[in-house]
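As a plain string of letters, each chain reads:
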Amino acid sequence: MKRRILALTLLLCLLLSLAPVPAYADGTWKKNASGWWYQNEDGSYPVACWQKINGKWYYFNQAGYMQTGWQQINGTWYYLSSSGAMQTGWVKSGKSWYYLDGSGAMQTGWVKSSGKWYYLKASGAMQTGWLKDDDIWYYLNSSGAMQIGWQKIGNKWFFFASNGAMMIGWHYIDDAWYELNYYGGYTKASQPPANYRYTDENYRELYQPVLDRYIQYYKLLVEQGYENIQWSDYGVSECCNYADSPGYIIRDLDGNGIKELIIGNNDTNEELFYKIVFCLYTVDNGKVQQVFGTGVRSRMHYMDTGTFLNQGSNGAAYFIEILYTYEDGKMNAIDGLWSSDNYVQGQPVYWYRTPEYMEFFPENLRISEEEAFAIRTEWESRVITPDYLPLLR
């Protein structure tokens, strides 16, 4: 009978040894010359398996004795304290620190703990100082935490991006340009040399403060509601209150080698602010400049022709639609369609506006209501949503 119980216990423990899982009721700790073991309430004892006892996990070897220290079990390393209890989180062993996840498994590579990133060698030991990973340099301080931003190491300054990568070359940091050297140090300038071509990383750095304002506003919008915050306080479009799927692209719109930032709405439901563009920014002499910001009564849209359609009004009585091209930081009106609240023989008056007549209303440019709405329908059919990246993650 005892052999049968022992055989069944061994079989069960072998099945459980793949991972810690709850097992067994109360029992009793026993000790002999070979070490500690545990007798279950039914007289059996754990062999070659994990067992949870009083809320803590223990591992018992093939002979049924409790293990301590480092143990490799099914290819995974665990650390068991002197009491035998499985450890999690940070553990110091010898002169090195190790990190064990919630299952007790020793971690390697990058891990995030208490909001900071750490790197653990293949041995599990925590890395400090300089680290080269996938041809990118990082710096980990004496506590092992990955560093970001400006750091003085030795007697030289380095700058590390938000992902910890050491930056080299020209970068826009804290409203100024810096040329960062590979071995530390920098040159500060109002802008890069005239022949310098911005990288995608440069554009992201330049436009990040604009993106951050929109991100901050939308987070507050979700938390507090539009009644409690003012869009004007954050330098965003007032249309943000009515559109809840913001996105952005960074793209060279006019082919002059400078990439613009467009922030717009990614909503798919066809309502008032469907496919709206919130704003357009460009870079001029190393500085970010706003080209336009859209408003509730002056809404901008992007078209499949690469032009922009502005839809506006001065009240419910009439509408204004103008087509713009964008070139070298400027919006250029090329076509327009206006309706007036001045009535002629009981009917509203419409004008088709060419560039030379944008500021005038000559009688020979009047068109019928049918013509006006045919043009308007055609323009609006060309409105698209660019391939925005989501602004909120």
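**Let's talk about the nonpolar core**
Across soluble globular proteins, nonpolar side chains show a tendency to be buried alongside one another.
Thought 1: Core analysis: the biggest nonpolar cluster contains 29 residues, and Tyr214, Cys240, Leu261, Ile263 and Phe278 have the highest contact counts within it.
Thought 2: Among the elements of the structure, β15 (169–173), α2 (200–224), β19 (260–265) and β20 (276–284) are those that each provide at least two residues to this core.
Thought 3: In terms of residue count, α2 provides more of this core than any other element does, 11 residues in total.
Thought 4: Formed by 16 residues, the second largest nonpolar core is a distinct cluster that contains Leu280, Phe308, Tyr324 and Trp338.

**Quick notes on the environment of arginine 299**
Thought 1: Summarising the element assignment, arginine 299 is placed in strand β22 (residues 298–303).
Thought 2: For arginine 299, a relative accessible area of 16% puts it in the buried group.
Thought 3: A C-alpha to C-alpha distance of 9.5 Å links arginine 299 and glutamate 321, two positions 22 residues apart in sequence.

**Let's talk about the pattern of salt bridges**
Thought 1: By the definition in use, this model includes seven salt bridges.
Thought 2: Across the salt bridge formed by arginine 382 and aspartate 304, the nearest N and O atoms sit 3.0 Å from each other. In this pair, arginine 382 sits in the loop between α3 (369–381) and β28 (383–384) while aspartate 304 sits in the loop between β22 and β23 (308–313), placing the two residues 78 residues apart along the sequence.
Thought 3: By relative accessible area, arginine 382 is classed as partly exposed at 29%.
Thought 4: Residue aspartate 304 is classed as partly exposed on the basis of its relative accessible area, which comes to 42%.
Thought 5: Put simply, arginine 376 and glutamate 380 hold a salt bridge, and the shortest N to O gap is 3.3 Å. You can see arginine 376 and its partner glutamate 380 sitting in helix α3, four residues apart, about one turn around the helix.
Thought 6: Residues joined by salt bridges that share partners form a network here, namely Asp304, Glu378 and Arg382.

**Remarks on the side chain of glutamine 51**
Thought 1: For glutamine 51, the location among the structural elements is in strand β3 (residues 49–53).
Thought 2: The class for glutamine 51 is buried, based on a relative accessible area of 0%.
Thought 3: Side-chain polar atoms of glutamine 51 contact the side chain of asparagine 40, separated by 2.8 Å.

**What about the pairing of strand β16 (residues 176–180)?**
Thought 1: In terms of burial, β16 is largely enclosed, as four of its five residues are buried.
Thought 2: Note: β15 against β16, five bridges, orientation antiparallel. Along β16, the bridge assignment pairs histidine 171 with tyrosine 178.
Thought 3: With four bridges connecting them, β16 and strand β17 (residues 186–189) associate as antiparallel partners. Its bridge partner being in β17, leucine 180 is matched across the sheet by tyrosine 186.
Thought 4: Linking β16 back to β17 in an antiparallel pair, the connection comprises five residues, with glycine 184 at a positive phi of about 100°.

**Brief notes about the confidence of the model for the chain**
Thought 1: Confidence along the chain averages 87 in pLDDT terms, with 84% of residues attaining 70 or more.
Thought 2: In this model, residues 1–24 is a region of pLDDT below 50 whose contacts with residues beyond four sequence positions or in other chains number 34 contacts.
Thought 3: Within the model, pLDDT remains below 50 along residues 343–348, and this stretch shows seven contacts once partners closer than five positions in the same chain are excluded.

**Quick word on α2**
Thought 1: Between its terminal C-alpha atoms α2 stretches 34 Å, which fits the 36 Å expected from 25 residues at 1.5 Å a residue.
Thought 2: Its maximal kink placed at glutamine 208, α2 deviates by approximately 50°, while the proline proline 209 follows within four residues.
Thought 3: Taken from the residues just after α2, glycine 225 is the one with a positive phi, measuring 85°.

**Observations concerning the environment of phenylalanine 273**
Thought 1: If you trace the backbone, phenylalanine 273 turns up in the loop between β19 and β20.
Thought 2: A relative accessible area of 7% places phenylalanine 273 in the buried class.
Thought 3: Spatially, the C-alpha atoms of phenylalanine 273 and valine 296 are 8.6 Å apart, while their sequence positions differ by 23 residues.
Thought 4: If sequence neighbours within four positions are ignored, phenylalanine 273 has contacts with Cys239, Tyr242, Ala243, Asn265, Val296 and Arg299.

**Let's talk about the state of the cysteines**
Thought 1: One pass over the structure, following the stated rule, counts zero disulfides.
Thought 2: Lacking any disulfide linkage, cysteine 279 is separated from the closest cysteine sulfur, that of cysteine 240, by 7.8 Å.
Thought 3: Residue cysteine 279 is classed as buried on the basis of its relative accessible area of 0%.

**Regarding the sheet that holds β16**
Thought 1: One open sheet accounts for three strands, arranged β15-β16-β17; its pairing is antiparallel. The open sheet has two free edges, formed respectively by β15 and β17, since each of these has just one partner strand. Across the sheet, the axes of successive neighbouring strands diverge by a mean angle of 25°, strand direction being ignored.
Thought 2: Of the strands in this sheet, β15 and β16 touch α2, which is tilted by about 15° from β15.

**Focus on the packing of aromatic side chains**
Thought 1: Counted according to the given criterion, the structure contains 36 aromatic pairs.
Thought 2: A centroid spacing of 6.5 Å and a plane angle of 80° characterise the contact between tryptophan 150 and tryptophan 157, whose relative ring orientation is edge-to-face.
Thought 3: By relative accessible area, tryptophan 150 is classed as partly exposed at 24%.
Thought 4: Since its relative accessible area comes to 36%, tryptophan 157 is described here as partly exposed.
Thought 5: Considering the side-chain rings of tyrosine 198 and tyrosine 203, the 5.4 Å spacing of their centres and the 85° angle between planes classify their relative orientation as edge-to-face.
Thought 6: With a relative accessible area of 22%, tyrosine 198 lands in the partly exposed category.
Thought 7: Among the aromatic residues, those joined into a cluster by ring pairs are Trp170, Tyr172, Trp177, Tyr196, Tyr198, Tyr203 and Tyr207.

Rules and cut-offs
- Residues numbered from 1 in each chain as written.
- Predicted model: local features only at pLDDT ≥ 70, side-chain atom pairs only at ≥ 80, totals over all residues.
- Heavy atoms only, no water.
- Core = buried A, V, L, I, M, F, W, Y, C linked by side-chain atoms within 4.5 Å.
- Buried < 20%, exposed > 50% of the residue type's maximum accessible area, 1.4 Å probe, protein only.
- Helix = DSSP H or I, 4+ residues; strand = E, 2+ residues; numbered from the N terminus.
- Salt bridge = Lys/Arg side-chain N within 4 Å of Asp/Glu carboxyl O.
- Polar contact = N/O pair within 3.5 Å; in protein donor to acceptor, adjacent residues only side chain to side chain.
- Pairing = 2+ DSSP bridges.
- pLDDT = per-residue confidence, 0-100.
- Contact = heavy atoms within 4.5 Å.
- Expected span 1.5 Å × (residues − 1).
- Bend = angle between axes of the 7 residues up to and from the residue.
- Disulfide = S-S within 2.5 Å.
- Axes fitted to C-alpha atoms, helices over the stretch in contact; angles between N-to-C directions.
- Phe/Tyr/Trp six-rings, centres within 6.5 Å; stacked < 30°, edge-to-face > 60°.

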